[in-house]
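The primary structure of each chain is shown beneath.
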Amino acid sequence: MTRHIRFNAFDMNCVGHQSPGLWAHPEDRSATYKDLEYWQDLARTLERGIFDGIFIADVVGYYDVYKGSNYHALHQAAQLPVNDPLQLAAPIALATTHLGIGITVSTSFEHPYTFARRLATADHHSKGRVGWNIVTSYLESGAKNVGQAGLRRHDNRYEVAAEYLEVLYKLLEGSWEEGAVVRDKQNRIFTHPEKVHEIGHKGKYFDVPGYGLTEPSPQRTPVLYQAGASGPGKAFAAAHAECIFVAAPTKSVLKAYVADIRARIAAAGRDPKKVFIYTLVTVITDETEEKALKKFEDYRSYVSYDGSLTFMSGWSGIDFGQYAPTDVVERIETNAIHSFVEHIAGGDKSWTIDELARFGGIGGMGPVFVGGPGRIADILQEWVADTDVDGFNLAYAITPGSFEDIVAHIVPELQKRGAYPTSYKPGTLREKLFGDGPYLPSTHPADGYRDIEAVKRREAAEREAAGGVTELRTAAG
C-alpha cells in the first residue's frame, strides 16, 4: 500500500513570511494579511486540497541582528509588521469544516494561566481543530520589550517550557473532571463544584494555585506541534510533540534527523509512528516543466538580498552583514536557533554568505522544488521513501498562488498515484491525524496530570522529602 504524503501550509500573520521581497510581485496578496477575507479564502483552498492544516508561525520581536538594526526588516517587511496569530483561529474555523489550525505561541512571553484559557477557547470555537506550536523564542528584541533583561539561555528556555507544559496539563487535563459540567436545568446545576479542582502548582518558574477557567474543550489539550532541532529541542519534542516540524536544507540532514527523533520518541515510551514529522519545502509548479521554470525565474527576480540576510541573521544570531559575500559561514555559538547553525555550518556543504542569501530568498531554510506535476510528485515520494519523513510543511513564494498551484497540480497527481488522501477523517484534529480518540493518549506525559488530587499529594510528598533532606544537611553543618 502506497504511503500517504501529508501537507501543511506554512504561513504567518504578516507580509511575505519567508520569501523576502516577493510581496512586491503583482500576483502576491500577502500585503492583505490584515483582511480576514484573505485568510478565509486561503483556508478554503487548503481544505479543497485535503491539507492537514494551516500552520501559522509567529515571532514576538523583530529582526535587528543584520547590520545591527531593524532597518531592513522594516524596509522589506521581513515579518514586520506582524499581527497576533491566535485571532485567526475563529475566522478560519468559520470558513472551513475540517482544516486543522496550528497556532504558534511562545512559552517565553505568555503566562500559562491566561494562555490556557485562550487556547481552550480557540479549541471550543473550532470544535476541536486547533493545535499549538510550542516555541521558546529566539529574538532578544522580544524579551527586552516585555520587560525581561534579555532572552534566557537556549537550554534554560526549554526548562521553562517543560514547567509551562506541566501547568497547562494540570489546567486542561486535570482541573475539570469528566462529567463536571452537566447543564442540568431541572435541578439548576450547571457544574458539580466537587469535580473542579485547584491545581496547586508551585514550581521554579510559575506559581498557579487555582482552578482552570474553562470547561474541557473537545481535545482538552489541543494537538501539540513543536520544531525542536537542537539537542534540548529534540529531547523536548520526543517527550511532548505530536507533530514535529524541521527545516533541513538537504535530504541527508533530514534523514539523520528523522532517524534520531524517532529513536528518541521510542525511548520516551511513545509510538514513533504516531508522531508526524513535516519538513519545510517550497514547491513551484505549473502544468508543464517549462511553465514552472519560467515562474521560478520570475519569482527569483523579486528576491531581496538584504531581506534574506535579515532572516538568516535573526535565526542564527550571527550578523552576516559584517562579512563579504564570498566569506564562508562558520560555526559560532549563539543564543538563537542552534539547529540553524548546526545545519549550515556543520552540514555536508560549505556555504558562502552570497549562497546563503540566495538559498533563503524563497521559502526560508527549506529546499525549493521546481517542476511540473509528475516531477514534483516523484521528488516528494522520493524524499518520503529515503528519509522516512511523513510530509511537508509548505512555504510559499507568493500567496495564495503557490498554494493554489499545489492544490491544482500536485494534489491530483499524488492522489492518482494513491499517495495522498482523498478525504478527511471525521472528528477533532487529533482524530483526523491519528485515527484514535480526541484526547492525548495514555502514553503521553499529559496522562499523569489527569488525577489532579493524586498529583498534588505526590508533589506535596516530594516537597516534604526535599525539605527533610535540606534540614538534615543543615543540621549536619
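Criteria and thresholds
Residues numbered from 1 in each chain as written. Predicted model: local features only at pLDDT ≥ 70, side-chain atom pairs only at ≥ 80, totals over all residues. Heavy atoms only, no water. Helix = DSSP H or I, 4+ residues; strand = E, 2+ residues; numbered from the N terminus. Rg over C-alpha atoms; globule rule 2.2 N^0.38 Å. Contact = heavy atoms within 4.5 Å. Areas by Shrake-Rupley, 256 points an atom, 1.4 Å probe, with all protein chains shown as cover. Lys, Arg positive; Asp, Glu negative; His and termini not counted. Charge placed at Lys NZ, Arg CZ, Asp CG, Glu CD. Core = buried A, V, L, I, M, F, W, Y, C linked by side-chain atoms within 4.5 Å. Buried < 20%, exposed > 50% of the residue type's maximum accessible area, 1.4 Å probe, protein only. Expected span 1.5 Å × (residues − 1). Polar contact = N/O pair within 3.5 Å; in protein donor to acceptor, adjacent residues only side chain to side chain. Pairing = 2+ DSSP bridges. Right-handed = clockwise from strand over helix to strand, strands pointing away. pLDDT = per-residue confidence, 0-100. Salt bridge = Lys/Arg side-chain N within 4 Å of Asp/Glu carboxyl O. Phe/Tyr/Trp six-rings, centres within 6.5 Å; stacked < 30°, edge-to-face > 60°. Lys NZ or Arg CZ within 6 Å of the ring centre and 35° of its normal.

Trainee: Would you take a moment to explain the overall build of the protein chain for this structure?
Mentor: Across its full length, the protein chain carries 16 helices and 13 strands. Computed over the C-alpha atoms, the radius of gyration of the protein chain is 23 Å, within 12% of the 23 Å expected from 2.2 N^0.38 for a compact globule of 477 residues. Over its C-alpha atoms, taken along the principal directions, the protein chain stretches across nearly 70 × 60 × 40 Å. Looking at the protein chain alone, contacts between residues at least 24 apart form 76% of all its contacts between residues at least 6 apart. For the protein chain, the exposed area adds up to about 19,800 Å²; of that, 52% sits on carbon and sulfur atoms. Considering the protein chain, the positive charge centre built from 50 side chains and the negative charge centre built from 61 side chains are found 3 Å apart.

Trainee: What is the right way to read the nonpolar core from this model?
Mentor: A general feature of soluble globular proteins is that nonpolar side chains tend to end up buried together. Within the largest apolar cluster, 89 residues are counted, with the highest numbers of intra-cluster contacts made by Phe-7, Phe-51 and Trp-132. The element best represented in this core is helix H6 (residues 154–174), accounting for 10 residues. Residue contacts for Phe-51: discarding those within four places in its chain leaves Phe-7, Asn-8, Ala-9, Leu-46, Leu-99, Leu-394, Ile-406, Val-407, Tyr-420 and Tyr-424. Within the second largest apolar cluster, 34 residues are counted, among which are Tyr-225, Phe-245, Trp-315 and Met-365.

Trainee: I tried to follow the environment of Pro-441 on my own but got confused; where do I start?
Mentor: Locating Pro-441 in the fold gives a position in the loop between helix H15 (429–434) and helix H16 (452–475). Pro-441 gets classed as partly exposed once you look at its relative accessible area, which sits at 42%. In this structure, Pro-441 is in contact with Asp-447 and Arg-450, ignoring residues within four places of it in sequence.

Trainee: Can you walk me through helix H10 (residues 305–316) in this structure?
Mentor: Counting along an α-helix, one turn takes 3.6 residues, and residues three or four places apart therefore face a common direction. Over its 12 residues, H10 runs 17 Å from end to end, which matches the ideal 16 Å to within 8%, given 1.5 Å per residue. Burial analysis of H10 places 10 of its 12 residues in the buried class, the great majority of the element. Every buried residue belonging to H10 is among Gly-307, Ser-308, Leu-309, Thr-310, Phe-311, Met-312, Ser-313, Gly-314, Trp-315 and Ser-316, and all of these are buried. Regarding H10, its N-cap is Ser-304, as a side-chain oxygen of that residue lies 2.9 Å from the backbone nitrogen of Gly-307 further along. Following H10 by one or two positions, Gly-317 adopts a phi angle in the positive range, close to 80 degrees.

Trainee: Looking at this structure, how should I read the pairing of strand E10 (residues 243–246)?
Mentor: Along E10, one buried face is formed by Cys-243 and Phe-245 and the opposite face, lined by Ile-244 and Val-246, is buried too. By the bridge criterion, 2 bridges tie strand E9 (residues 223–226) to E10 in an arrangement that is parallel. From the neighbouring strand, Gln-226 faces E10, where its bridge partner is Ile-244. Taking the sense of rotation as the criterion, the β-α-β connection linking E9, helix H7 (residues 231–240) and E10 turns out right-handed. Alignment of E10 against strand E11 (residues 276–285), held across 4 bridges, turns out to be parallel. Across the sheet, Cys-243 pairs through a bridge with Phe-276, a residue of E11. Once the chain exits E10 it traverses helix H8 (residues 251–267) before rejoining the sheet at E11, and the crossover so formed is right-handed.

Trainee: Is there a simple way to think about the confidence of the model for the protein chain in this case?
Mentor: With 91% of its residues at a pLDDT of at least 70, the protein chain reaches an overall mean of 91. Note on residues 470–477: pLDDT under 50 across the span, and 0 contacts to partners over four residues away in sequence or across chains.

Trainee: What is the right way to look at the side chain of Glu-173 in this model?
Mentor: Along the chain, Glu-173 turns up in helix H6. By relative accessible area, which is 2% here, Glu-173 ends up buried. A polar contact of 2.7 Å, which involves the side chain of Glu-173, links it to the side chain of Thr-221. Setting aside residues up to four positions removed in sequence, Glu-173 forms contacts with Leu-168, Arg-220, Thr-221, Leu-440, Ala-446, Tyr-449 and Arg-450.

Trainee: Is there a simple way to think about the pattern of salt bridges in this case?
Mentor: If charged atoms from side chains of opposite charge come close, those side chains can pair. Applying the stated criterion across every chain yields a total of 33 salt bridges. A salt bridge links Asp-386 to Lys-251; the nearest nitrogen and oxygen atoms lie 3.0 Å apart. Of this pair, Asp-386 sits in helix H13 (residues 373–387) while Lys-251 sits in helix H8, and the two are 135 residues apart along the sequence. With a closest N to O distance of 3.2 Å, Asp-260 and Arg-264 form a salt bridge. You can see Asp-260 and its partner Arg-264 sitting in helix H8, 4 residues apart, about one turn around the helix. Classification of Arg-264 as partly exposed rests on a relative accessible area of 31%.

Trainee: Honestly, the environment of Asn-70 in this entry has me stumped. Any pointers?
Mentor: Note that Asn-70 resides in the loop between strand E2 (53–57) and helix H2 (71–75). In the structure, Asn-70 is positioned 10 residues away from Leu-80 in sequence and 9.3 Å away in space, judged by C-alpha atoms. If we skip the residues at most four places from it in the chain, Asn-70 touches Tyr-62, Tyr-63, Asp-64 and Leu-80.

Trainee: Any chance you could explain the packing of aromatic side chains here in plain terms?
Mentor: To describe a pair of aromatic rings, you give the distance between the ring centres and the angle between the ring planes. Evaluation of the coordinates by the stated rule reveals 20 aromatic pairs. A ring pair is formed by Tyr-63 and Phe-311, whose centres lie 5.3 Å apart and whose planes are at 75 degrees; its orientation type is edge-to-face. One end of the pair, Tyr-63, is in the loop between E2 and H2; the other, Phe-311, is in helix H10, with 248 residues separating them in the sequence. Overall, Tyr-63 belongs to the buried group, its relative accessible area being 1%. Relative to Tyr-164, the ring of Trp-132 has its centre 5.9 Å away and its plane inclined at 45 degrees; by these criteria the two rings are tilted. Here Trp-132 is found in strand E4 (residues 130–135), whereas its partner Tyr-164 is found in helix H6, with 32 residues between them in sequence. Just as Trp-132 is buried, Tyr-164 falls in that class too. Cluster of aromatic residues (ring-pair linked, three or more members): Phe-10, Phe-55, Tyr-225, Phe-245 and Tyr-278. Lying across the ring of Tyr-439, Arg-220 places its NZ or CZ 5.7 Å from the centre.

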